[in-house]
Amino acid sequence: MTEVELKAALTEALAGVLPDRLAALGFVPGETVRETDLYFNGGGRDFRRTDEALRLRRVSSGGEENVLLTYKGPKEDPRSNTRREYETTAGDPDTLRAILGALGFQPVFTVDKERRTFLRDGVTACLDQVEGLGSYLVLDSGDRDAAVDGLLALLEDLGVSRRALERRSYLELLMAPAQEA
(Lines give C-alpha, C1' and ligand atoms only; values in the text may rest on other atoms or scores of the structure.)
Protein backbone atom coordinates (compact mmCIF):
# COMPACT_ATOMS: atom_id res chain seq x y z
CA MET A 1 0.00 0.00 0.00
CA THR A 2 1.18 3.55 -0.67
CA GLU A 3 0.71 6.03 2.15
CA VAL A 4 0.08 9.59 0.88
CA GLU A 5 0.71 12.01 3.70
CA LEU A 6 1.38 15.64 4.52
CA LYS A 7 2.53 16.71 7.97
CA ALA A 8 2.67 20.26 9.32
CA ALA A 9 3.98 21.67 12.57
CA LEU A 10 1.35 23.68 14.45
CA THR A 11 1.41 26.53 16.90
CA GLU A 12 -0.59 25.87 20.07
CA ALA A 13 -3.15 28.48 18.96
CA LEU A 14 -3.67 26.83 15.58
CA ALA A 15 -3.84 23.36 17.14
CA GLY A 16 -6.60 24.67 19.41
CA VAL A 17 -8.84 25.93 16.57
CA LEU A 18 -8.29 23.11 14.07
CA PRO A 19 -10.99 20.77 15.47
CA ASP A 20 -13.60 23.47 14.77
CA ARG A 21 -12.15 24.22 11.33
CA LEU A 22 -12.17 20.52 10.45
CA ALA A 23 -15.81 20.22 11.60
CA ALA A 24 -16.74 23.26 9.48
CA LEU A 25 -15.27 21.45 6.46
CA GLY A 26 -17.35 18.35 7.14
CA PHE A 27 -14.84 16.22 9.00
CA VAL A 28 -16.31 13.86 11.58
CA PRO A 29 -14.34 13.25 14.80
CA GLY A 30 -12.99 9.74 15.21
CA GLU A 31 -11.22 8.28 18.20
CA THR A 32 -8.37 9.58 20.29
CA VAL A 33 -5.59 7.06 20.89
CA ARG A 34 -2.17 6.84 22.50
CA GLU A 35 0.49 5.50 20.12
CA THR A 36 3.89 4.34 21.30
CA ASP A 37 6.25 3.56 18.43
CA LEU A 38 9.48 1.63 19.00
CA TYR A 39 11.78 2.01 15.98
CA PHE A 40 14.42 -0.54 14.99
CA ASN A 41 17.56 -0.47 12.91
CA GLY A 42 19.74 -3.26 11.58
CA GLY A 43 19.31 -6.29 9.39
CA GLY A 44 22.31 -5.33 7.29
CA ARG A 45 21.43 -1.71 6.49
CA ASP A 46 21.07 1.62 8.24
CA PHE A 47 17.47 2.79 7.88
CA ARG A 48 18.50 6.34 8.77
CA ARG A 49 20.59 6.43 5.59
CA THR A 50 18.11 4.60 3.36
CA ASP A 51 15.09 6.67 4.56
CA GLU A 52 13.24 3.53 5.65
CA ALA A 53 11.59 2.68 8.95
CA LEU A 54 10.73 -0.47 10.88
CA ARG A 55 8.53 0.05 13.91
CA LEU A 56 6.54 -1.79 16.51
CA ARG A 57 3.48 0.29 17.44
CA ARG A 58 1.31 -0.08 20.52
CA VAL A 59 -2.07 1.62 20.12
CA SER A 60 -4.01 2.16 23.35
CA SER A 61 -7.64 3.27 23.44
CA GLY A 62 -10.42 2.65 25.92
CA GLY A 63 -8.39 0.17 27.96
CA GLU A 64 -7.55 -1.97 24.91
CA GLU A 65 -4.18 -2.32 23.22
CA ASN A 66 -3.42 -3.33 19.64
CA VAL A 67 0.05 -4.06 18.31
CA LEU A 68 1.18 -3.35 14.74
CA LEU A 69 4.42 -4.08 12.91
CA THR A 70 5.13 -1.59 10.12
CA TYR A 71 7.79 -1.23 7.42
CA LYS A 72 7.97 2.09 5.55
CA GLY A 73 10.02 2.49 2.38
CA PRO A 74 11.82 5.68 1.33
CA LYS A 75 9.84 8.81 0.45
CA GLU A 76 8.74 8.75 -3.18
CA ASP A 77 8.23 12.42 -4.10
CA PRO A 78 9.58 15.82 -3.08
CA ARG A 79 6.20 17.39 -2.15
CA SER A 80 4.90 14.97 0.45
CA ASN A 81 5.73 12.10 2.79
CA THR A 82 4.37 9.55 0.30
CA ARG A 83 5.98 6.16 0.71
CA ARG A 84 5.29 2.43 0.34
CA GLU A 85 4.03 0.99 3.62
CA TYR A 86 3.41 -2.56 4.81
CA GLU A 87 1.64 -3.07 8.11
CA THR A 88 0.20 -6.05 9.94
CA THR A 89 -1.29 -6.74 13.32
CA ALA A 90 0.95 -8.56 15.73
CA GLY A 91 0.43 -10.59 18.86
CA ASP A 92 2.69 -10.30 21.86
CA PRO A 93 4.94 -7.23 21.45
CA ASP A 94 7.64 -8.63 23.75
CA THR A 95 7.93 -11.82 21.70
CA LEU A 96 8.02 -9.83 18.46
CA ARG A 97 10.73 -7.59 19.89
CA ALA A 98 12.73 -10.72 20.84
CA ILE A 99 12.33 -12.12 17.31
CA LEU A 100 13.51 -8.86 15.76
CA GLY A 101 16.48 -8.80 18.14
CA ALA A 102 17.42 -12.36 17.20
CA LEU A 103 17.40 -11.27 13.55
CA GLY A 104 19.78 -8.39 14.26
CA PHE A 105 17.30 -5.53 14.58
CA GLN A 106 17.97 -3.34 17.60
CA PRO A 107 15.63 -0.74 19.10
CA VAL A 108 16.89 2.80 18.51
CA PHE A 109 14.20 5.21 19.65
CA THR A 110 10.66 5.50 20.99
CA VAL A 111 8.09 8.07 19.83
CA ASP A 112 5.03 8.69 22.04
CA LYS A 113 2.02 10.66 20.89
CA GLU A 114 -1.66 11.26 21.45
CA ARG A 115 -3.58 11.21 18.16
CA ARG A 116 -7.07 12.63 17.53
CA THR A 117 -8.54 11.57 14.17
CA PHE A 118 -11.11 13.27 11.95
CA LEU A 119 -12.56 11.66 8.80
CA ARG A 120 -14.12 12.91 5.54
CA ASP A 121 -14.47 11.26 2.12
CA GLY A 122 -11.38 9.05 2.30
CA VAL A 123 -9.21 11.70 3.95
CA THR A 124 -7.99 11.29 7.51
CA ALA A 125 -6.86 14.35 9.45
CA CYS A 126 -4.89 13.63 12.61
CA LEU A 127 -4.05 16.12 15.31
CA ASP A 128 -0.96 14.75 17.03
CA GLN A 129 0.55 15.85 20.31
CA VAL A 130 4.06 14.38 20.19
CA GLU A 131 6.09 14.17 23.40
CA GLY A 132 9.20 16.30 23.03
CA LEU A 133 8.01 17.96 19.78
CA GLY A 134 4.58 19.57 20.20
CA SER A 135 1.54 19.67 17.93
CA TYR A 136 1.26 18.47 14.33
CA LEU A 137 -1.44 18.05 11.71
CA VAL A 138 -1.17 14.93 9.56
CA LEU A 139 -3.34 14.62 6.43
CA ASP A 140 -3.59 11.17 4.84
CA SER A 141 -5.33 10.02 1.66
CA GLY A 142 -5.35 7.23 -0.89
CA ASP A 143 -5.01 8.15 -4.60
CA ARG A 144 -1.47 9.44 -4.95
CA ASP A 145 -1.40 12.27 -7.51
CA ALA A 146 -4.85 13.66 -6.79
CA ALA A 147 -4.26 13.18 -3.08
CA VAL A 148 -1.18 15.38 -2.79
CA ASP A 149 -2.86 18.29 -4.60
CA GLY A 150 -6.08 17.74 -2.62
CA LEU A 151 -4.24 17.59 0.69
CA LEU A 152 -2.31 20.76 -0.14
CA ALA A 153 -5.61 22.52 -0.92
CA LEU A 154 -7.11 21.23 2.34
CA LEU A 155 -4.09 22.52 4.25
CA GLU A 156 -4.79 25.97 2.81
CA ASP A 157 -8.53 25.69 3.66
CA LEU A 158 -7.54 24.94 7.26
CA GLY A 159 -5.34 28.03 7.43
CA VAL A 160 -2.10 26.07 7.80
CA SER A 161 0.84 27.58 5.94
CA ARG A 162 2.82 25.42 3.50
CA ARG A 163 5.90 26.76 5.30
CA ALA A 164 4.82 24.61 8.26
CA LEU A 165 5.11 21.40 6.20
CA GLU A 166 7.56 18.90 7.65
CA ARG A 167 8.89 15.98 5.61
CA ARG A 168 11.00 14.51 8.40
CA SER A 169 9.41 11.76 10.50
CA TYR A 170 8.80 12.25 14.21
CA LEU A 171 11.71 9.86 14.75
CA GLU A 172 14.04 12.05 12.66
CA LEU A 173 12.85 15.20 14.45
CA LEU A 174 13.38 13.70 17.90
CA MET A 175 16.78 12.26 17.00
CA ALA A 176 18.08 15.46 15.30
CA PRO A 177 19.45 17.09 18.50
CA ALA A 178 21.40 13.92 19.36
CA GLN A 179 22.86 13.69 15.84
CA GLU A 180 23.91 17.38 15.90
CA ALA A 181 25.84 16.94 19.16
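Each chain carries its own residue numbering, running from 1 in the written order of its sequence. Local features are withheld for residues below a pLDDT of 70 in this predicted model, meaning they are given only at 70 or higher, and side-chain atom pairs are given and counted only at 80 or more; totals for whole chains, interfaces and linings count all residues. Note that the side-chain values use all heavy atoms of the structure and ignore hydrogens as well as water.

Caption draft 1: Fine view of the layout of surface pockets. The space that makes up the largest pocket amounts to roughly 990 Å³. Every residue lining the largest pocket is counted, 46 residues in all, and those nearest its centre are E3, R55, R57, K72 and R115. Only DSSP runs of H or I with at least four residues qualify as helices, and only runs of E with at least two residues qualify as strands; both kinds are numbered from the N terminus onward. Counting residues per element, the lining of the largest pocket draws most heavily on strand 2 (residues 28–42), at seven residues. Residue composition of the lining of the largest pocket, by class: 16 nonpolar, eight polar and 22 charged. Both site types are read off a 1 Å grid over the protein atoms alone. A 1.4 Å probe that fits but cannot get out defines a cavity, while an open set with protein on both sides within 12 Å along at least five of seven lines defines a pocket; lining residues have an atom within 4 Å of a point. Grid points are joined across faces, edges and corners, and a volume is the space filled by probe spheres set on the points. When residues are sorted by character, Ala, Val, Leu, Ile, Met, Phe, Trp, Tyr, Cys and Pro go into the nonpolar class, Asp, Glu, Lys and Arg into the charged class, and all the rest, Gly among them, into the polar class.

Caption draft 2: The nonpolar core, seen in detail. Side-chain atoms within 4.5 Å link the members of a nonpolar core, which is a set of buried Ala, Val, Leu, Ile, Met, Phe, Trp, Tyr and Cys residues. Only protein chains enter the accessibility calculation, which uses a 1.4 Å probe. A residue is then buried if its area is under 20% of the maximum for its type, exposed if over 50%, and partly exposed in between. Counting 24 residues, the largest nonpolar core has L10, L18, L137 and V160 as its most contacted members. Of all the secondary-structure elements, those providing two or more residues to this core are strand 1 (2–10), helix 1 (12–24), strand 7 (123–130), strand 8 (134–141) and helix 4 (144–157). In terms of residues, this core owes the most to one element, helix 4, which gives six residues. Counting residues in hydrophobic clusters, the runner-up holds twelve residues, among them Y39, A53, Y136 and Y170.

Caption draft 3: Structural detail: helix 3 (residues 93–102). Among the residues of helix 3, those classed as buried are P93, L96 and L100. In an axial view of helix 3, the angular spread of the buried residues amounts to 60°, which keeps them on one side of the axis. The exposed residues of helix 3 that point more than 90 degrees off its buried face are D94 and A102. Whether two residues are in contact is decided by their heavy atoms: any pair within 4.5 Å suffices. In the core, the buried residues of helix 3 are packed alongside strand 2, strand 3 (53–61), strand 4 (64–75), strand 5 (83–90) and strand 6 (105–120). As used in this structure description, the phrase polar contact means that two N or O atoms lie within 3.5 Å; if the pair is within protein, one of them must be able to donate a hydrogen and the other to accept it, and residues adjacent in sequence are counted only when both atoms belong to side chains. Sitting at the amino-terminal end of helix 3 is D92, which places a side-chain oxygen 3.2 Å from the backbone nitrogen of D94. G104, located one to two residues past helix 3, shows a positive phi value of around 95°. The arc under discussion is defined with respect to the helix axis, by the directions toward the C-beta atoms.

Caption draft 4: Broad picture of the packing of aromatic side chains. Two rings from Phe, Tyr or Trp (for Trp, the six-membered ring) form a pair when their centres are within 6.5 Å of each other. A pair whose planes differ by under 30 degrees is stacked, one over 60 is edge-to-face, and the rest are tilted. Considering all chains together, one arrives at three aromatic pairs under this definition. Relative to F105, the ring of F47 has its centre 6.3 Å away and its plane inclined at 20°; by these criteria the two rings are stacked. Placement of F47 in helix 2 (residues 47–50) and of F105 in strand 6 is noted, with a sequence separation of 58 residues between them. Here the two residues F47 and F105 agree in accessibility, since each one is buried.

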